[in-house]
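Working through the structure, step by step
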Amino acid sequence: FATSTKPAAASAGVAHLGEMRQWVADELSRRTPGPGGPAPGVVCPVVAIGGIAPANAAACVEAGADGLAVVSALLAPAQPSGVREAAAALCGTLPA
């Protein structure tokens, strides 16, 4: 998504997250010796970054993101109480 912290960065959208999740799983299987793919507990989280806000956070998680890197949506409020409210709004949009 577009972001004020890196205005020239390309935007991939949520569809790319599902593709990235599959790529990570394939790479872990390919690079792990032995039958059955990666050893239990071997994971590589997929994190959505860039323009993450309450309006798109849930879609990112539903598309396969394990985490969200949020900057602008949390730093935009001028008052500290606004940061708390922005964080609560973001968390309130996420699936249980």
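One can find the structure itself at the top, above this paragraph.
A brief structural summary.

What counts and how
Residues numbered from 1 in each chain as written. Predicted model: local features only at pLDDT ≥ 70, side-chain atom pairs only at ≥ 80, totals over all residues. Heavy atoms only, no water. Helix = DSSP H or I, 4+ residues; strand = E, 2+ residues; numbered from the N terminus. Expected span 1.5 Å × (residues − 1). Buried < 20%, exposed > 50% of the residue type's maximum accessible area, 1.4 Å probe, protein only. Arc of directions from axis to C-beta. Contact = heavy atoms within 4.5 Å. Core = buried A, V, L, I, M, F, W, Y, C linked by side-chain atoms within 4.5 Å. Polar contact = N/O pair within 3.5 Å; in protein donor to acceptor, adjacent residues only side chain to side chain. Salt bridge = Lys/Arg side-chain N within 4 Å of Asp/Glu carboxyl O.

Our focus in this paragraph is helix α4 (residues 80-92). The terminal C-alpha atoms of α4 lie 19 Å apart, and with 13 residues this matches the ideal 18 Å at 1.5 Å per residue to within 8%. Within α4, the full set of buried residues consists of Gly 82, Ala 86 and Leu 90. Across the axial projection of α4, the buried residues extend over an arc of 75 degrees, all falling on one side. Across from the buried face of α4, at angles greater than 90 degrees, the exposed residues are Pro 80, Arg 84, Glu 85, Cys 91 and Gly 92. Its buried side turned inward, α4 meets α2 (57-62) and α3 (72-75).

Moving on, we come to the nonpolar core. Counting residues in each nonpolar core, the largest one holds 10 residues, listed as Leu 17, Val 24, Val 46, Ala 48, Ile 52, Ala 57, Cys 60, Ala 65, Val 70 and Leu 90. Elements with a minimum of two residues in this core: α1 (15-31) and α2. Setting aside chain neighbours within four positions, we find Val 70 in contact with Ile 52 and Leu 90.

The next thing to look at is the side chain of Thr 3. Position of Thr 3 among the secondary structure elements: in the segment before α1. Classification of Thr 3 as buried rests on a relative accessible area of 17%. In contact with Thr 3, other than residues within four places in its own chain, are Gly 50, Gly 51 and Ser 72.

Looking at the element boundaries, Asn 56 is found in the loop between β1 (47-49) and α2. For Asn 56, a relative accessible area of 11% corresponds to the buried category. Within the structure, Asn 56 has its side chain in polar contact with the backbone oxygen of Gly 51 (distance 2.9 Å). Beyond its immediate sequence surroundings of up to four residues, Asn 56 is in contact with Phe 1 and Gly 51.

Inspection of every chain in the model, using the stated rule, returns one salt bridge. Salt-bridge contacts for Asp 66 lead to Arg 21; the nearest nitrogen and oxygen are separated by 2.6 Å. One end of the pair, Asp 66, is in the loop between α2 and β2 (67-69); the other, Arg 21, is in helix α1, and 45 residues separate them in sequence.

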